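If you want the building blocks of each chain, they are given just below.
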Amino acid sequence: MSDAPCDDCGDAVADALTRTVRLSVDRSQIDAQRLCPDCFATWIARYQREMQPGPETVGDGSSEIIID
């Protein structure tokens, strides 16, 4: 059992407690992070917050497009 550092905070964490987050695009791995439980919880909360649909923007007619 090793105590490698968390990729986010740098604290040593036992393998059994770590979580790995992998980002892949078209089956190609772009990034992987080894996170401690606290950093993983923060990552999940941020992911959920950023992936929520935002309020829809409705134009008020005040913008003007000028084409020459």
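A short tour of the structure in this document, coming up. On a predicted model such as this, the values are computed, not experimentally measured, just so you know. In this convention, every chain numbers its residues from 1, walking through the sequence in written order. Where totals are concerned, whole chains, interfaces and linings use all residues; where local detail is concerned, this predicted model gives features only for residues with pLDDT of at least 70, and gives and counts side-chain atom pairs only at 80 or more. Processing note: side-chain calculations cover all non-hydrogen atoms of the structure and skip hydrogens and water entirely.

All right, on to the packing of aromatic side chains then. Whether two aromatic rings pair depends on their centres lying within 6.5 Å, for rings of Phe, Tyr and Trp, where Trp uses its six-membered ring; planes under 30 degrees apart make the pair stacked, over 60 edge-to-face, and the rest tilted. Counted according to the given criterion, the structure contains one aromatic pair. Taken together, a centroid distance of 5.5 Å and an interplanar angle of 10° make the contact between Trp-43 and Tyr-47 stacked. One end of the pair is Trp-43 and the other is Tyr-47, both in helix α1 (residues 37-51) and four residues apart, which spans about a single turn. Per the convention used, a helix needs a DSSP run of H or I reaching at least four residues, while a strand needs a run of E reaching at least two, with both numbered from the N terminus.

In this section: the nonpolar core. Among the buried residues, those of types Ala, Val, Leu, Ile, Met, Phe, Trp, Tyr and Cys that are joined through side-chain atoms within 4.5 Å form a nonpolar core. Each residue's exposure class comes from its accessible area (1.4 Å probe, protein chains only) as a fraction of the maximum for that residue type: buried when under 20%, exposed when over 50%, partly exposed otherwise. In terms of nonpolar packing, the biggest core is built from six residues, these being Cys-6, Val-13, Val-21, Leu-35, Cys-36 and Cys-39. Any two residues whose heavy atoms approach within 4.5 Å at even a single point are treated as in contact. Not counting residues up to four positions away in its chain, the partners in contact with Cys-39 are Cys-6, Asp-8 and Cys-9.

On to a nonpolar patch on the surface. A cluster of nonpolar side chains, namely Leu-23, Val-25 and Ile-30, defines an oily patch on the protein surface of about 280 Å² accessible area. Along the chain, Val-25 turns up in strand β3 (residues 19-25). Put simply, a patch holds well-exposed residues, over 30% relative accessible area, that have no salt bridge, with like charges counted together within 9 Å and Val, Leu, Ile, Met, Phe, Trp or Tyr side chains within 5 Å. Accessible areas in this description were obtained via Shrake-Rupley with a 1.4 Å probe; residue shielding takes into account the shown protein chains only. Note on definitions: salt bridges are taken to be side-chain nitrogens of Lys or Arg within 4 Å of carboxyl oxygens of Asp or Glu.

Moving on: the pairing of strand β4 (residues 28-35). Between any two strands, pairing holds if DSSP finds at least two bridges. Bridging between β3 and β4 involves seven bridges; their strand directions are antiparallel. Counterpart to Leu-23 in the pairing with β4 is Asp-31. Counted along the chain from β3 to the antiparallel partner β4, the turn is two residues long, and its residue Asp-26 has a positive phi close to 50°.

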